[in-house]
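# Coordinates in review
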Amino acid sequence: MEQHTFPAPEDVVVPYTEYVNNYSRAIDTLGKLRAANAAFGAFMTDADNEDVNLKLVSILIFPIQRIPRYILLIQDLLKHTNADHPDYRNLEQALDTMNKTGTAINESKREAENTSKLAEINSSLKGKHPAFQKPGRYFIAETPVTFVPSSAKAPPQHGMLYIGTDLLLVTHAVGRGLSQYDGALDLAQSTSAKSADVKAALDLCG
């Protein structure tokens with residue numbers, strides 16, 4: 001009897017699509033709960049700090065990242081399997097299943113990963129700050145920065161610069177994956193306003 005390791009595409013697409021489509025809602029709900037319930041927020045911060053690589057917002061993205069990894073795995077298996085091997089045809093069918101599934105959820109995956117990244121940055125910020133996680137905003141890049149204080153006695157301050165489609169965020173590191181908010185630049189503002197905000201952000205960093 002022929003056995004199939006992977007289900008038919010329609011059996012995979014539906015649950016994955018539902019998970020992906022509800023992912024953003026889950027992250028939004030988590031953020032609202034952290035803001036509304038101080039005890040829960042403190043608990044989540046402590047939990048995230050135990051292992052910065054296993055924050056809840058990062059764990060929730062894992063299922064969405066599985067399909068691309070399955071595709072790479074099966075492609076590698078096919079590369080090392082003889083065409084006359086009994087499993088070769090099954091591997092081709094499995095790859096076809098995963099490719100169809102990946103195509104169906106690819107756009108939702110990009111949206112989910114963007115939401116996850118914004119939420120991860122947002123949860124790492126300390127102090128009062130504008131919400132980096134916002135509907136319609138997309139993460140572009142992040143880069144480490146070093147600020148040299150005006151006083152020669154003060155040590156350089158290391159931080160991160162986060163760039164979104166409409167906001168630039170300046171922070172400095174405070175340890176264990178956390179950053180202190182220093183300033184922001186609204187990229188939708190006029191050029192003169194941008195210059196003033198950039199200077200204010202840099203001044204806040206010393």
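Summary of the structure given here. None of the values given here were measured: they were computed from a predicted structure.

As a volume, the largest pocket reaches approximately 740 Å³. When residues of the lining of the largest pocket are traced back to their parent elements, those giving at least two are helix 1 (9-36), helix 2 (38-50), helix 5 (88-124) and strand 1 (125-126). Broken down by element, the residue count for the lining of the largest pocket peaks at 8 residues, all from helix 1. Here the lining of the largest pocket is composed, by residue class, of 13 nonpolar, 13 polar and 7 charged. What the second largest pocket holds in volume is close to 250 Å³. Taken together, 17 residues make up the lining of the second largest pocket; nearest its centre are Lys-55, Glu-120, Ser-124, Tyr-162 and Gly-177.

Turning our attention to the side chain of Asn-114. Mapped onto the secondary structure, Asn-114 falls in helix 5. Within the local environment of Asn-114, its side chain forms a polar contact with the backbone oxygen of Arg-137, the two atoms lying 3.0 Å apart. When neighbours within four sequence positions are excluded, Asn-114 is seen to be in contact with Arg-137, Tyr-138 and Phe-139.

Let us look at the environment of Ala-104. For Ala-104, the location among the structural elements is in helix 5. On the basis of relative accessibility, which here comes to 43%, the residue Ala-104 falls in the partly exposed class.

Conventions used here
Residues numbered from 1 in each chain as written. Predicted model: local features only at pLDDT ≥ 70, side-chain atom pairs only at ≥ 80, totals over all residues. Heavy atoms only, no water. 1 Å grid on protein atoms, 1.4 Å probe; cavity = no way out; pocket = protein on both sides within 12 Å on 5 of 7 lines; lining within 4 Å. Points joined across faces, edges and corners; volume = space filled by probe spheres on them. Helix = DSSP H or I, 4+ residues; strand = E, 2+ residues; numbered from the N terminus. Nonpolar A, V, L, I, M, F, W, Y, C, P; charged D, E, K, R; others polar. Polar contact = N/O pair within 3.5 Å; in protein donor to acceptor, adjacent residues only side chain to side chain. Contact = heavy atoms within 4.5 Å. Buried < 20%, exposed > 50% of the residue type's maximum accessible area, 1.4 Å probe, protein only.

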